[in-house]
Amino acid sequence: MATSTPTSADIPAARPLARKRARPGDQIFHAAVFSALLIALAALVWLLISVVAKGATALDWDFLSSQTSSRASRAGFLNALKGSVVLMIITIAVAVPLGFAAATYLEKFAPLSRDELRVITRRRRRALELRRAAGELTGPRLLASRLGIALSAVWARIGPPLNTFVEINLSNLAAVPSIIYGLLGLALFVQIMGISKSLLAGGLTLAILVLPIIIIASREAIRAVPRSIEQGAMALGASRWQAVRSHVLPAALPGMLTGTILAMSRAIGETAPLVVVGGVAFGTAVPSINPLNAANEDLFAMPLQIYTWVDQPQEDTWGPLAAAGIIVLLVTLVVMNLLAIWLRNRFTRRW
Amino acid sequence: MADSRLTSPPILHRPTEGRPEPRMELPELNIQADAGLPPTADEVVVFQATGVNVHYGKFLALKDVDLAIHRNEITALIGPSGCGKSTFLRCLNRMNDLIPGAEVGGTITFHGEDMYAPDVDPVDLRRRIGMVFQKPNPFPKSIRENLSFGMKVNGIRVDDDRIEQVLRHAALWDEVKDKLDQDAYALSGGQQQRLCIARAIAVNPEVILMDEPCSALDPISTLAIEDLMRTLREEYTIVIVTHNMQQAARVSDRTAFFTVQQLDGGDRHGILAEYNATERVFRAPEDPRTQDYITGRFG
Amino acid sequence: MTTQQLPEPAGLRARRFRPAEQGVVLLLGAAATISVLITVGIVFTLIEEGSGFWGSVSLVDFFTGTEWFPVDRVYGVLPLLSASVLIAVLAALVAVPIGIGSAIYLSEYADERTRRVVKPILELLAGMPTIVLGFFALESVTPALQGAGIIPSDQLFNALAAGIVVGLLIVPLIASLSEDAFRAVPAAMREGAYGLGATKRVVATRIVFPAALSGVMASIVLALSRAIGETMAVTLAAGTQPNFTADPTEPVQTITAVIVAVSKGEATRGSELYQSIFAIGLVLFVVTMLINIAATALVRRFRTVYH
């Protein structure tokens, strides 16, 4: 970047700087990649317009407040709305505690390495010998301690590979097609456990479906909290769990919640696993919003109701209803995504 | 950029890691009158390290260190990067336990008791030996909560008087008394670091370990922390790791110089080269490697 | 504060057991093992619920049969598998150029502001419920294809419309993973090329793209796995007619569509039809698992390129 070198004037017969020139190849390439993006965005716009054009007329207060019906002119979205609320409550109640707990364990307590576990085993063995020599340990207690140390030696061997297995398993689970979860839900909840084809069976299935997603997102949020925070707490004499509970988890919470909302926005639009678990409900009774009653309620959900309507043979009469349902579903999704973005921007910390 | 030191006055704090002040003139050293305090002021030994080795996995990071740290003194650990001085500091509150694969050999006693005896509780130990880290790491909470956490964990009653007392002690009270419930991350870097010191002394430790507490701070904040260390010495034993030799010279009573030993096989590990009263180490070092380092001939 | 007389310091307290904490950690660990239990549960139910099927239908007939006609107890998986693959391939033909083009634009040409606006919009597309895409295929894409004369006007169901909307669904996946791969290419490599007088196009195609190739491949493979497992859009748009064909204008029925069709009716547990959806579910699970393993291997390679 030296600028004080001789100027071009000092060099005899310097070639003048070339003027800008058109490079058609570059321009075409630029236009091509730009239009690739435009096509994707245009398709989205086309989708939104065709949904709104079809559904806007059907979308009114009656639509939102009436129960479903076998006659298109009277059918409303209320069953689906209430059903989706109950499904979300069940999914959150099951998946969030499990997901947060699993993420905390995997990020903060899972066996880190074989070396570390070996050191711990060695320390415990030394302690045992010391106490045995001092005559503190005898008979069955000595045996129990020896057994404990043998177990921790075994854990040092199998813990780390087990942990690696859990990691790989988790990323694979997140990529399993959702319909497979439907088959699991059908076999496990409906057939084996004998829960009827109800909101409860659907909610539990969705909970299993989003659990890996919540775990992965929560782990990322926990990982984003610097280790120095945890170490600062431990240097004050906190145990690891105290440090994690009081400082790491509160700092990671906004990120964990953001991940949870995004996982829920995936769950709320899922159709395939619900069809497999619950089939298509023929009843019209509006489910109660009380989740404790969910085992007795027919399986209704926004995407399921939309599917029922799209699948009807008389497209002209049912199409507008389906489109109106889609508008409601999409608005819900956009609100959830905005909430997640707001949460992320509002509470994300620069460390 | 390369040669600004030719024109600008010597800077107190050099952020460039591991590069000693070149050609430092010894008489320029700003050694405090009281920093030359005879090391015999209190002969109570707090830590006694004997033959300490630290391994990280197979790698030997620190070899065969013998060192005694005395009560109510400031002991500085200096030396080039990778010499193991921070590693040694972290042995003193068993923070190395938290690093996977780290193993401490030899013995370290705390008031004559083996700290690494298998039945010693490391959590309880850390309550008595506070630590301040290189980068200020306040909890992402209010100033008040930063102080009260350690107190609660240690069963100390939390009240406003106590909070004020601790903050005054850390020379932070006047700057934060109106914003105790504000987020600690709104403070400047120097204030954050003093908050971390306040947090450490709030739990009544006997020792405070400081791991390059000023390396992320500007010169003015650095001076404020150094002043604070001198007052804290009255009540606490302080061990500080620093890259800044002037700082070691200004604040410490004793200085331990660590260096890197390069073996023929290519292995390198940290060793303790010299340990003495600070004034001796800087004015008349016994070990040629110390001489080279403090005069900038190292490397 | 000044109570720091300490003539004789207290002894080091003996190691304390913290049973409550051990308990908490045990609980957390138990939660983590649930993810393993889910996998075990999936494999177990797919095998157990479908076990009767493997007893009554020969493996050879199942894997080589070109007809799926449960009413006559004819179970050949090839038309279903080929339909799933056909739609995934059509989706890739749509999504790969659009996705990679978008990724190049976003990583090499777009400014920060454009990126900030466009990426959430692409995320919206990625999170689009597939039932919505199915509706879109049926209501808009198929009529457009009929209008263009590609599909006969009296035929509603076809693989092409399904492939196009599934393609739309995986565009954001390819775009965002490929963009990550492009942006992981060190700036120094770009600068080196610019310093030699290369234009943006040359840098993008000759430097950045080859360097990020394994990441791009991984994104495509992952997208294929997503496309094969896609259900609602293909159920609605491609039809319910098992058809062993590679012609995209014809109706086809994928593995996932068969599972949905059977589930909608009342197939009682233990019946051959009920068992058959677990059998083809197992095939689907194994196929996606293999694809995911391939993608993970690619990603691992791509991660170790720069250090």
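Residues numbered from 1 in each chain as written. Chains lettered and ligands numbered in written order. Predicted model: local features only at pLDDT ≥ 70, side-chain atom pairs only at ≥ 80, totals over all residues.

Attention now goes to the overall build of chain B. In terms of regular secondary structure, chain B is built from ten helices and ten strands. When burial is assessed residue by residue, chain B has 47% of its 299 residues classed as buried. Expressed as a percentage of contacts within chain B between residues at least 6 apart in sequence, the contacts between residues at least 24 apart total 73%. (Helix = DSSP H or I, 4+ residues; strand = E, 2+ residues; numbered from the N terminus. Buried ≥ 20, exposed ≤ 12 C-beta atoms within 10 Å, placed from the backbone. Contact = placed C-beta atoms within 7 Å.)

A tally of helices and strands in chain C yields 13 helices and two strands. Taking 2.2 N^0.38 as the reference for a compact globule, 307 residues should give roughly 19 Å; the C-alpha atoms of chain C span a radius of gyration of 26 Å, well beyond that estimate. Considering only C-alpha atoms, chain C reaches an extent of 95 × 65 × 35 Å along its principal axes. Within the span of chain C, comprising 307 residues, buried residues form 48% of the whole. (Rg over C-alpha atoms; globule rule 2.2 N^0.38 Å.)

Attention shifts here to the interface of chain A and chain B. Listed as interface residues are 25 residues of chain A and, on the opposing side, 27 residues of chain B. Among the secondary structure elements, those contributing two or more residues to the side of chain A that touches chain B are α4 (114–133), α8 (227–235) and α9 (240–268) of chain A. Taken together, the residues of the side of chain A that touches chain B sort by class into eleven nonpolar, nine polar and five charged. (Nonpolar A, V, L, I, M, F, W, Y, C, P; charged D, E, K, R; others polar.)

Contacts between the two partners involve 68 residues from chain C and, on the opposite side, 69 residues from chain A. Residue composition of the side of chain C that touches chain A, by class: 39 nonpolar, 21 polar and eight charged.

All names here are of chain C. With 284 residues, the main nonpolar core has Ile87, Ala137, Ala162, Val165, Ile174 and Ala237 as its most contacted residues. If one sorts the elements of this core by residue count, helix α4 (residues 78–109) sits on top with 18 residues. Not counting the four nearest positions on each side in its chain, Ile174 is found in contact with Ala95, Val96, Gly99, Ile100, Ser219, Ile220 and Ala223. (Core = buried A, V, L, I, M, F, W, Y, C linked by C-beta atoms within 7 Å.)

To continue, consider the environment of Ala301 of chain A. Residue and element names in this part refer to chain A. Following the sequence through the fold, Ala301 ends up in the loop between α10 (272–278) and α11 (302–310). Judged by the 33 C-beta atoms lying within 10 Å of it, Ala301 falls in the buried class. Between the alpha carbons of Ala301 and Ile341 there is a distance of 25 Å; along the sequence they are 40 residues apart. Residues within four places of Ala301 in sequence aside, it is in contact with Ala80, Gly83, Ser84, Leu87, Gly202 and Leu274.

Helix length check: α9 of chain A, at 29 residues, gives a terminal C-alpha distance of 36 Å against a target of 42 Å (1.5 Å per residue), a shortfall beyond 12%. Leu253 of chain A marks the point of greatest bend in α9 of chain A, at about 50°, and the proline Pro254 of chain A comes within the next four residues. (Expected span 1.5 Å × (residues − 1). Bend = angle between axes of the 7 residues up to and from the residue.)

What follows covers the packing of α4 of chain A against helix α5 (residues 139–173) of chain A. Residues and elements named next belong to chain A. Packing of α4 against α5 leaves a shortest axis separation of 9 Å and a crossing angle of 170°. Regarding the angle of α4 to α5, the classification is roughly antiparallel. Mapping the contact onto sequence places Arg114, Leu117, Arg118, Ile120, Thr121, Arg124, Arg125, Leu128 and Arg132 in α4 and Leu142, Ser145, Ile149, Ser152, Ala153, Trp155, Ala156, Gly159 and Pro160 in α5. (Axes fitted to C-alpha atoms, helices over the stretch in contact; angles between N-to-C directions. Parallel < 35°, antiparallel > 145°, perpendicular 65-115°, else oblique.)

Further remarks concern α8 of chain A. Those residues of α8 of chain A that fall on the buried side of the exposure criterion are Ile229, Glu230, Gly232, Ala233, Met234 and Ala235 of chain A. At the C-terminal side of α8 of chain A, Gly237 of chain A shows a positive phi close to 95°.

This brings us to the pairing of strand β10 (residues 268–277) of chain B. Residue and element names in this part refer to chain B. Bridge analysis of strand β9 (residues 254–262) against β10 gives nine bridges, and the strand direction is antiparallel. Counted as the bridge partner of Val260 is Gly270 from β10. Hairpin connection of β9 to β10: five residues between the antiparallel strands, including Gly266 at a positive phi of 95°. (Pairing = 2+ DSSP bridges.)

Attention now goes to the packing of helix α7 (residues 159–183) of chain C against helix α10 (residues 213–229) of chain C. A pair of packed helices is characterised by two quantities: the angle between their axes and the separation of those axes. Residue and element names in this part refer to chain C. Closest axis-to-axis distance for the α7/α10 pair is 8 Å, and the angle between their directions is 155°. Compared by their axis directions, α7 and α10 come out roughly antiparallel. Relative to α10, α7 is oriented so that their crossing is right-handed. Residue-level contacts link Val166, Ile170, Leu173, Ile174, Leu177, Ser178, Asp180 and Ala181 of α7 to Gly215, Val216, Ala218, Ser219, Ile220, Leu222, Ala223, Arg226 and Ala227 of α10. Residues belonging to the contact of α7 with α10 are distributed by class as follows: twelve nonpolar, three polar and two charged. (Left-handed = near helix turned anticlockwise from the far one by under 90°.)

The next thing to look at is the environment of Tyr293 of chain B. All names here are of chain B. Secondary-structure assignment places Tyr293 in helix α10 (residues 288–294). Overall, Tyr293 belongs to the buried group, with 24 C-beta atoms counted inside 10 Å. With 45 residues separating them along the chain, Tyr293 and Ala248 place their C-alpha atoms 13 Å apart.

Residues and elements named next belong to chain B. In terms of burial, strand β8 (residues 237–241) is a largely internal element, five of the five residues being buried. What you see with β8 is no split at all: Thr237, Val239 and Val241 on one side and Ile238 and Ile240 on the other are buried throughout. Here four bridges tie strand β3 (residues 74–78) to β8, and the two strands are oriented parallel to one another. Paired with Thr75 across the strands is Val239, a residue of β8. Pairing between strand β7 (residues 207–211) and β8: five bridges, direction parallel. For Met210, the partnering residue across the bridge sits in β8 and is Ile240. Regarding the hand of the β-α-β motif, the stretch spanning β7, helix α7 (residues 219–232) and β8 is right-handed. (Right-handed = clockwise from strand over helix to strand, strands pointing away.)

Locating Arg266 of chain A in the fold gives a position in helix α9. Residues Arg266 of chain A and Leu209 of chain A, 57 residues apart in the sequence, show an inter-C-alpha distance of 9.5 Å. Not counting the four nearest positions on each side in its chain, Arg266 of chain A is found in contact with Val210 and Ile213 of chain A together with Gly127 of chain C.

Attention now moves to the confidence of the model for chain C. Residues and elements named next belong to chain C. Put simply, chain C has an average pLDDT of 87, and 93% of its residues get 70 or more. Within chain C, helix α8 (residues 187–195) has the poorest average pLDDT of any element, 85, and α4 the best, 95. Every residue in residues 1–7 scores below 50 in pLDDT, and together they form four contacts with partners more than four places removed in sequence or on other chains. What the predictor reports for the complex is a pTM of 0.83 with an ipTM of 0.89. (pLDDT = per-residue confidence, 0-100.)

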